[in-house]
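As a plain string of letters, each chain reads:
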Amino acid sequence: MSDQAAVLHVKGRVLVGPEETRDELWVVGGRISYDRPSGARDIRTVEGWALPGLVDAHCHVGLGPHGPVPEVTAEKQALTDRDAGALLIRDAGSPSDTHWTDAREDLPKIIRAGRHIARTRRYIRGYAHEIEPDDLVSYVAQEARRGDGWVKLVGDWLDRGTGDLSACWPREAVEAAITEAHRLGVRVTAHCFAEDSLRDLVEAGIDCVEHATGLTDDTIPLFASRGVAIVPTLVNIATFPTLAEAGDAKFPAWSSHMRRLHARRYDTVRSAYDAGIPVYVGTDAGGTLPHGLVAAEVAELVTAGIPAVAALSATTWGAREWLGRPGLEEGAAADLVVYERDPRTDVRVLGAPVRVVLNGRVAA
């Protein structure tokens, strides 16, 4: 919609919540209303099944295979996510400053976690601040100021000395860092593939773990009791066999570990969900993974055994509540996606949006 003075009429089924549907909504001045506006002359109608704009809770706008990318590339990444229906992104670490996107009403809204904070030589070159434990608290405070309520740690990575995944930080360092983050009013998440960093991070008070492939019967109850969320990024975990093959000659223990984590990925996610751990949709787009994969990640959660409505909530109603952003509420910014069929009966429909509406304008 080129003119925000026009009124958009969305009719059919508006999925306000998992069980709450309305027959129609109106977009007036870029905002949602459930009352027909009086005197409106320029009314445009869209028909179908409407959901809140999808959430990609692990995405990297401004990140490429070797680190930060030019703004024109970051713009293409964000537009690709938008056209796939992802209108709210939690950027889980980026070396690029993407605050310029906030002024663009045609780009998804981004919640930033600053730049990754990693141990020296323990992450992908060009992505993170690479520091030692004594500096962790100060860097967490720095990235808390740069972000939008989140900070991202690299909790484990390949240790070239042992030839396998291992925890990056001593327990006392993560305790001090998470305490400082919470004092500053921000939440903390961490990249974790393996098993041995999880207990220390959760007992130190972490709010979320990315990937979480190392969850076991010992740590799943701990996550559940503490309410620690996970973002499994199953479309990224699907690349583990390829990564393992590349590492066979130099790091055979790491390669074998990655294959084991991949083999049990669906069981891990299903067990986490069954235990009551909050699970949210994230693609890990950016770096080496393409953008626009949000529908594929929802389908992966269903493949793992999560019910379709719960998987939808993990990218819509529940995810927006978790991130403190509104859905299809009266007066909220009109960020919504319209589909031809009911996505609750087949989540694959998410891959074919009929219309994407962002800030009240039909964007795609």
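Quick caveat, the model's predicted, so the values are computed rather than measured. (Residues numbered from 1 in each chain as written. Predicted model: local features only at pLDDT ≥ 70, side-chain atom pairs only at ≥ 80, totals over all residues. Heavy atoms only, no water.)

Participant: What is the right way to read helix α3 (residues 171-183) from this model?
Facilitator: Side chains that are three or four residues apart share a direction in an α-helix, a result of its 3.6 residues per turn. Here α3 contains 13 residues, and its C-alpha end-to-end distance of 18 Å stays within 8% of the 18 Å for a straight helix at 1.5 Å per residue. Burial in α3 covers these residues: Ala173, Val174, Ala177, Ile178, Glu180 and Ala181. For α3, the angular spread of buried residues about the axis comes to 160 degrees, placing them on one side. In α3, the exposed positions angled more than 90 degrees off the buried face are occupied by Glu172, Thr179 and Arg183. Buried residues in α3 make contact with α2 (136-146), β15 (187-192) and α4 (198-203). Phi turns positive, to about 85 degrees, at Gly185, one or two residues after α3. (Helix = DSSP H or I, 4+ residues; strand = E, 2+ residues; numbered from the N terminus. Expected span 1.5 Å × (residues − 1). Buried < 20%, exposed > 50% of the residue type's maximum accessible area, 1.4 Å probe, protein only. Arc of directions from axis to C-beta. Contact = heavy atoms within 4.5 Å.)

Participant: Which parts of the structure should I look at to understand the nonpolar core?
Facilitator: Across soluble globular proteins, nonpolar side chains show a tendency to be buried alongside one another. Among the nonpolar cores identified, the biggest contains 67 residues, and Leu136, Ile206, Phe223 and Leu301 are the most heavily contacted of them. In terms of residue count, α3 provides more of this core than any other element does, five residues in total. Excluding residues that lie within four positions of it along the chain, Leu301 makes contacts with Pro232, Leu234, Val269, Val279, Val281, Ile306, Ala311 and Ala314. (Core = buried A, V, L, I, M, F, W, Y, C linked by side-chain atoms within 4.5 Å.)

Participant: Before we go on, may I ask you to explain the pattern of salt bridges in this structure?
Facilitator: Between side chains of opposite charge, pairing is possible as soon as their charged atoms come close. Applying the stated rule across the entire model yields 23 salt bridges. Residues Asp335 and Lys109 are paired through a salt bridge, measuring 2.6 Å at the closest nitrogen-oxygen approach. Of this pair, Asp335 sits in the loop between α12 (317-323) and β18 (336-339) while Lys109 sits in strand β9 (residues 109-112); the two residues are 226 residues apart in sequence, bridging distant segments of the chain. Judged by relative accessible area, which is 31%, Lys109 ranks as partly exposed. Measuring nitrogen to oxygen at the nearest pair gives 3.0 Å for the salt bridge that ties Glu203 to Arg171. With a gap of 32 residues between them, Glu203 in helix α4 and Arg171 in helix α3 connect regions that are remote in the sequence. (Salt bridge = Lys/Arg side-chain N within 4 Å of Asp/Glu carboxyl O.)

Participant: Looking at this structure, how should I read the sheet that holds β9?
Facilitator: What holds strands together in a sheet is hydrogen bonding between their backbones, with the strands either parallel or antiparallel. In spatial order, the strands read β5-β8-β9; together these three strands make up an open sheet with parallel pairing. If you trace the sheet from one side to the other, it starts and ends with β5 (54-59) and β9, each paired once. Neighbour-to-neighbour, the strand axes of the sheet open up by a mean angle of 20 degrees, direction not taken into account. (Pairing = 2+ DSSP bridges. Axes fitted to C-alpha atoms, helices over the stretch in contact; angles between N-to-C directions.)

Participant: For this particular structure, what's the right way to read the sheet that holds strand β20 (residues 361-362)?
Facilitator: Here we have seven strands laid out as an open sheet, ordered β3-β2-β1-β4-β18-β19-β20, and mixed in their pairing. Only two strands of the sheet have a single partner each, and these edge strands are β3 (31-33) and β20. Here strand β1 (residues 7-15) runs beside strand β4 (residues 43-52); their pairing, made up of eight bridges, is parallel. The residue bridging Leu8 from the neighbouring strand is Arg44, located in β4.

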